[in-house]
Every structure is written in structure tokens, then in C-alpha cells.
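Structural characterization, general
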Amino acid sequence: MILKAVNHPFEFDMKNLCTIFFPYEKIKSEGGDDIVIITEREENTLTVEARVYDKSLKKTHISENNEDMATAMSVLLYNVLSELMGFKPAWGILFGVRPAKLMHRFANRYGEQGARNYFINKFLVAPPKADLAVEIMKRENKIISLSSENSFSLYVSIPFCPTRCSYCSFVSHSIERTKKLIEPYVDLLCAEIEKTGEIASSLNLRLETVYFGGGTPTTLDAVLLSRIFTAIENSFDLSNLREYTVEAGRPDTVTPQKLTALKEAGVSRISINPQTFNDEVLAEIGRKHTSKQTIEAFNLARNYGFDNINMDFIAGLPKDNYDSFKNSINTAVKLGAESVTVHTLALKSAAYMVTRERTFDITDRITACNMVDYSNEVLKNNEYYPYYMYRQSKSLANLENVGWCKEGRECLYNVYMMDETHSVFAVGAGAVTRLKDTKSGKIERIYNYKYPYEYIDNFDEIISRKKGIYDFYNEYR
């Protein structure tokens, strides 16, 4: 598609809005195309003209004194595209990752009700989404208040999976292709953990949460998992630890031996993530387990004493439908999962042929909206509440990802990450250490090499970069 920004500096906002309506299109500024959008400012007059195949529409807005021009142009573009496409994304003109954090900022300025009204009236957010942002903001604030100036969290990256899911955007590699890298990876990961622990101790920092992600951490066998757990126990003061989470995401990686290792390490929260309880959909997305295996893994974890289990689901998966998704959510509720995270499928443009028919076909977006609405209703009716939220670019219908949980079963790490509450020391391939000065709000990041083979080959450089942690705390403390 062609997007032209004439006489204004709001091209970034315009691109993000166009991505909401046309997630499969590559945006260019010149040339010919079936989709052409021109946004123009002439003093206080804003104009948006759009042609989408054989449909076209032009609207003009005369801005008022002191009106925010970027917002006004965004609203105008949103209205033009909504009318052309026959679909109004429920988050209006908002495209940021952290809507609850934005709500918090406006609540500080206008009060809770004023912030809600601002979302609805200025950003065109649907009232139910604005209410969701308010509720999550209040829930998050309780968790954020637990963190102190010296608090930090630890993230451990295990970038291996049994197979790679078709929708995956994380740094993860199938075990079949990278098996020979696993043991050397764990050796170096333990060394990085030790070094990171030394730094945390010398800075007198307090570890609040530990989170193992990936990938699928339980792809590793029990012996290797125990080695990493031992490295953490030997390297960090765990006396103030509020939460210890390990993603056992693939049910086919859950075994008695691994559950024993997790339990002995003090892991208090695990995720067993079906994504769906439809076996046809599982096969389509590249998962080798069945719904039956998910239930068996869940019950096995219960038998080993795990009383805080999360389950993830994705609305909009290929070959899934509304009734199938309803069954998935209902099954998680019936099992009694302490938390349920409902994601929306993030789209990949490379695998899609853009045609006129597909451009105007909003069936998948309507279905995803219905799926998310159903999950919200059922989970709320079964005494789950939303406690954290984030959004991804190119998600179906620009929808959100929300974590729901029973009372007192929040994942603190998720909130600390999404709010950017305090520093997160991250170890492993693809890990990003985020340093936060709680007084000034200053944030800096230190990046590890992305892939396991890069991590192994450049380990000395990774350790060298850790000096940046000292530099940051010396400057901002």
C-alpha cells in the first residue's frame, strides 16, 4: 500500500493505524498500488483521502484552537478507514503495547473517570476496553506497590522447543535441530547466572521474582534443569523471593522427573499451555501433543503439589472456530487452572496473498472479537479477574492479550515486566537485561546475542557487557 504524509510530521502514527486495518500490507510512500492513502495538513485543515481497490472516501476536519493535531489526524484516518472497511477496531486509534500503563498516566492527570472518558472520547476506545484498562491499572498498581527501590527480577531464557509453532515469533529452536548445543548452552548459562548473581549481591539488590521462559524450559531434561536451579540457588539470595515461575508450556515435555526437579527447587508457579483443546488446530500449528496429553500433564502437576498453574490460549488460530474456542476456555475453567492467559493471534504478512476479497473479508476479525469477548465473560463469571495486559503489532483486529487469575494468583513478573517497574536481569540467548532507575524513570537495556550458537560463540562478550549494570547503578544511585 501507498501512504503519503503531506505537510505534517505524523507519519509514524499514520503507519501504525494503517497496520491495524491492513496488517498484511507493506507500507511504501511512492509508486502505484491498489491501496493508496493520502493524509494532508493545510494550516488548521486536515484531509484524509483513501482508495482501497474500487472503493474511495475523502474526509476533512477543521481543527480547533489548542487541539492536538496528531490525535485529530489519527481520528480522521480511523474514521475514513472504518467506514471504508466496515469494521471499527475496539481500541480506536491506540496502537501502543501498554494501554493500562497509558491509562495510569491519564488517571494521574484527570482522575480515573476522566481518564476513562479520555480513552473513549479522544482515542475512540470502545467503553468495554476502556473499562478493562481501568480495572487492570488498579490491579497492577497493587502489585507494583510491592516493589522497592532495590528490587529486581531474574529472567532465564531457555530457547529450545520440541517443535516450532507456526505462529511463533520468539527466539526458539526445535530440539531436533539444536540438540548438540544444549549441554554447552547450559554450561555457559550457569556461568552467566553466577556472574549475574555476583553483580546483584555487590549492589545489594533484592530479588523479587524468577521467571524461566523461552522456548519451552521443560524441553531440557530433569538433570539439566536441576543444574540451572542449583546455579540460581548458589548465586542469588532467595530469602525475599515472592514468586518462582517456570513455563512448562508444552504438555508433552512434562514428566514426573521434571516436576520433581521443579518442586525441589522451590518453583511456585508453572504454565502448561494448550493454546487450544482442538487436536486439528494443534496439528495445524505444528504442535505434536494432543488435548488428552494436556489434561494428563495438568493432572500430573496437581499430583505433584503444584497449586498455581497457568494455561495459555490463542484466539484466532488457523482452523479454529468460535465453538471450538469456547470449549477450550470452558475446559480450562473446569480443570480449575489458577490463571488463564488469552492471547490474540499475531499475524505474519509473509504467508498471506493479499487480494481484494481478502482485504475486505473481516470474518476472521469478527470471530476473534467474539472469542475474546466470550473468554472475558466466562472467566469473569467464574471469579477470575484481569490483572495484566499487553498488545502486539499486527494482532487480529488489533485485540489485546490479557492475563486472568483467581484471587491472589497473579504472576508478579508479568506485571513488573509490562509496567517496567524495576530492573530485570536477563540471562541466556536472546535475553535482554532492562535496567530501571525508579527515581528518574531512566531505562537502559543490555542485549545478549540472539541465537544459541551466537551465545556460545560470543560468551566472553556477553560477560563483558555486564559491566554496563555497574555503570548504570553507579550513575543513577
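The structure we're discussing is the one just above.
Residue numbering note: each chain is counted from 1, following its sequence as written. Two thresholds apply to this predicted model, a pLDDT of at least 70 for residue-level local features and 80 or more for giving and counting side-chain atom pairs, whereas whole-chain, interface and lining totals are computed over all residues. Water and hydrogen atoms were dropped before computing side-chain values, which therefore reflect all heavy atoms in the structure.

Some details on the overall build of the chain
Across its full length, the chain carries 17 helices and 17 strands. Our radius of gyration is a C-alpha quantity, and the globule rule it is checked against amounts to 2.2 Å times the number of residues to the power 0.38. In terms of C-alpha radius of gyration, the chain reaches 23 Å, essentially the compact-globule figure of 23 Å for 477 residues. Here the C-alpha coordinates of the chain stretch approximately 65 × 55 × 45 Å along the principal axes. Counting all 477 residues of the chain, 55% fall into the buried class. We call two residues contacting when some pair of their heavy atoms lies within 4.5 Å. Sequence-distant contacts, at least 24 apart, represent 73% of the contacts inside the chain between residues at least 6 apart. For the chain, the accessible surface area stands at approximately 20600 Å², while carbon and sulfur atoms represent 46% of it. Positive: Lys, Arg. Negative: Asp, Glu. His and the chain ends are not part of the count. Charge placement uses NZ in Lys and CZ in Arg. For Asp and Glu, CG and CD serve respectively. Looking at charge distribution, the chain has the averaged site of its 58 positive side-chain charges lying 1 Å from that of its 62 negative ones. The helix and strand labels rest on DSSP assignments: H or I over at least four residues marks a helix, E over at least two residues marks a strand, and numbering proceeds from the N terminus. Working definition: with a 1.4 Å probe on protein chains only, accessible area under 20% of the residue-type maximum means buried, over 50% means exposed, and in between means partly exposed. Using a 1.4 Å probe, accessible areas were evaluated by the Shrake-Rupley method; residue-level cover was limited to the displayed protein chains.

Overview of the side chain of E208
Looking at the secondary structure, you find E208 in strand β8 (residues 206–214). Polar contacts, as used here, are pairs of N or O atoms within 3.5 Å; protein pairs need one atom able to donate a hydrogen and one able to accept it. Residues neighboring in sequence count only if both atoms are side-chain atoms. Side chain to side chain, E208 and S151 meet in a polar contact 2.6 Å long.

A closer look at unusual backbone geometry
The bulk of non-glycine residues show a negative phi, and the bulk of peptide bonds are trans. At the junction of G214 and G215, the peptide bond is cis and its omega measures out at 10° in the coordinates. Within the fold, G215 resides in the loop between β8 and α7 (222–235). A positive phi angle, close to 65°, is found at K394, a residue other than glycine. Within the element layout of this structure, K394 appears in the loop between β13 (385–391) and β14 (400–405). A residue is classified by how much of its surface remains accessible, and K394, at 25% relative accessible area, is partly exposed.

Notes on empty space enclosed by the protein
Cavities and pockets are found on a 1 Å grid laid over the protein atoms alone: a cavity is a set of points where a 1.4 Å probe fits but cannot escape, a pocket is an open set with protein on both sides within 12 Å along at least five of seven lines, and a lining residue has an atom within 4 Å of such a point. Grid points are joined across faces, edges and corners, and a volume is the space filled by probe spheres set on the points. Taken as a whole, this structure holds one cavity of 30 Å³ or more when the rule is applied. Computed from the structure, the largest cavity encloses a volume of approximately 110 Å³. The wall of the largest cavity is formed by E149, N150, K436, D437, T438, K439, F472, Y473, Y476 and R477. Broken down by element, the residue count for the lining of the largest cavity peaks at three residues, all from helix α17 (residues 467–476). Taken together, the residues of the lining of the largest cavity sort by class into three nonpolar, two polar and five charged. Residues are sorted three ways: Asp, Glu, Lys and Arg are charged, Ala, Val, Leu, Ile, Met, Phe, Trp, Tyr, Cys and Pro are nonpolar, and all the rest, Gly among them, are polar.

Considering the pattern of salt bridges
Salt bridge criterion: a side-chain nitrogen from Lys or Arg within 4 Å of a carboxyl oxygen from Asp or Glu. Counted under the stated rule, the structure contains 25 salt bridges. A salt bridge links E284 to K319, with the shortest nitrogen-to-oxygen separation between them at 3.5 Å. Taken together, the positions of E284 in helix α9 (residues 279–284) and K319 in the loop between β11 (309–315) and α11 (322–335) put the pair 35 residues apart, joining distant regions of the chain. A salt bridge links R365 to D364, with the nearest nitrogen and oxygen atoms 3.9 Å apart. Within the structure, one salt-bridge network assembled from shared partners comprises R98, K101, E420 and R445.

Examining the pairing of strand β15 (residues 423–427)
Of all five residues making up β15, five are buried, and the element is well covered by its neighbours. Burial along β15 is two-sided: S423, F425 and V427 and V424 and A426, pointing in opposite directions, are all buried.

Digging into the nonpolar core
Here the nonpolar core consists of buried residues drawn from Ala, Val, Leu, Ile, Met, Phe, Trp, Tyr and Cys, with membership extended through side-chain atoms lying within 4.5 Å. Grouped together as the largest cluster of nonpolar side chains are 136 residues, with contacts concentrated most on I37, F119, F212, I228 and I232. At 12 residues, the largest contribution of residues to this core is made by helix α2 (residues 69–85). Aside from chain neighbours lying at most four places away, what touches I232 is L154, V156, I193, V210, F212, L238 and Y244. Counting residues in hydrophobic clusters, the runner-up holds 18 residues, among them Y387, Y388, A426 and A431.

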